[in-house]
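For reference, the chains in residue letters:
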Amino acid sequence: MIGQVAVRRFPALTVSTPRTEVRQLTAADAAAAGEIFADKLTRRWLPLPDDSGPIDGLAWCTDLARQRRDSGEGDHYAVLRREDDQVVGSLWTRRTDWGARLTEISYAMAAHARGFGFAAEAVDAVAIALILEHGFQRVELRVAPGNLASRRVAEKAGFSYEGLLRNAGFVSGGRVDLELWSFVAADLR
């Protein structure tokens, strides 16, 4: 198999915390995902141009998730509030580097679920599961300066601030620097 590279499929992942469950998205989650991504505050921080249309919730939960998972790039997840099994957020992994055993986590929360710690709880649980159960060595978060809620999520989830990636991303307002946060295997000791 000289010259061929085996594509690794992103691992199936389900994690539970006292208040949340994180699992792969399904077609039944499409309406909730569409609502989360249509929210004006969520769209402000997503890497989407101002004139982009709505994110198709069904495609996000099915075709796009499957493509990302099958390519080894990452996966798309639902964050459920355990008390009523309501989808309160979406979390996704991307930019996976299998040689370095690292991936990046991003997330968006429903407007009615913000400020209750669900994002930090889910991000922390996924990062720990990726390291302990799937052999990852590093999980990254990238936060646009000014997105104070995401900075708080990174801190509460146990990530360490590493520095500023200058002009490394974009949000609806244009090019931005990105804060780099990480959670590594050594953080579990």
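Residues numbered from 1 in each chain as written. Predicted model: local features only at pLDDT ≥ 70, side-chain atom pairs only at ≥ 80, totals over all residues. Heavy atoms only, no water.

> Where do I start with the sheet that holds strand β3 (residues 75–81) in this structure?
Paired through their backbone hydrogen bonds, the strands of a sheet run either parallel or antiparallel. Spatially, β1-β2-β3-β4-β5-β6-β8-β7 is the arrangement adopted by the eight strands of the open sheet, whose pairing is mixed. If you trace the sheet from one side to the other, it starts and ends with β1 (15–16) and β7 (160–171), each paired once. As judged from the six bridges shared by strand β6 (residues 138–143) and strand β8 (residues 174–184), these two strands associate in the antiparallel manner. Each residue of the ladder has a partner; that of R142, found in β8, is L180. Running over the sheet, helix α4 (residues 63–71) touches β2 (20–24), β3 and β4 (86–97) and is turned about 120 degrees from β3. (Pairing = 2+ DSSP bridges. Helix = DSSP H or I, 4+ residues; strand = E, 2+ residues; numbered from the N terminus. Contact = heavy atoms within 4.5 Å. Axes fitted to C-alpha atoms, helices over the stretch in contact; angles between N-to-C directions.)

> What am I meant to see in the nonpolar core here?
Side chains that are nonpolar tend, in soluble globular proteins, to be buried together. L91, I105, Y107, V123, V126, L141 and F159 are the most contacted members of the largest nonpolar core, which totals 48 residues. If we skip the residues at most four places from it in the chain, Y107 touches S90, L91, W92, A119, V123, L141, S150 and V153. (Core = buried A, V, L, I, M, F, W, Y, C linked by side-chain atoms within 4.5 Å. Buried < 20%, exposed > 50% of the residue type's maximum accessible area, 1.4 Å probe, protein only.)

> Quick question: what am I supposed to make of the pairing of β6 here?
Regular strands place side chains that alternate from one sheet face to the opposite one. Of all the six residues making up β6, five are buried; the element is thus mostly covered by neighbouring parts of the structure. As judged from the three bridges shared by strand β5 (residues 102–109) and β6, these two strands associate in the parallel manner. The residue bridging T103 from the neighbouring strand is V139, located in β6. At this point the chain moves from β5, through helix α5 (residues 118–134), to the parallel β6, and the crossover so formed is right-handed. (Right-handed = clockwise from strand over helix to strand, strands pointing away.)

> Would you explain the packing of aromatic side chains in this entry?
Two measures describe an aromatic ring pair: the distance that separates the ring centres and the angle between the ring planes. The full count for this structure, using the stated rule, is nine aromatic pairs. Residues F37 and W60 carry aromatic rings whose centres are separated by 4.9 Å and whose planes lie at 65 degrees to one another, so their mutual orientation is edge-to-face. Taken together, the positions of F37 in helix α1 (residues 30–38) and W60 in helix α3 (residues 57–61) put the pair 23 residues apart, joining distant regions of the chain. Like F37, the residue W60 is buried in the burial classification. Residues Y161 and W181 carry aromatic rings whose centres are separated by 5.3 Å and whose planes lie at 65 degrees to one another, so their mutual orientation is edge-to-face. (Phe/Tyr/Trp six-rings, centres within 6.5 Å; stacked < 30°, edge-to-face > 60°.)

> Before we go on, may I ask you to explain helix α6 (residues 148–156) in this structure?
In an α-helix, one full turn covers 3.6 residues, which means residues spaced three or four apart are oriented alike. Within α6 the residues assigned to the buried category are S150, V153 and A154. Projected down its long axis, α6 carries its buried residues within an arc of 100 degrees, all on one side. Close packing links the buried residues of α6 with β5, α5, β6 and β8. (Arc of directions from axis to C-beta.)

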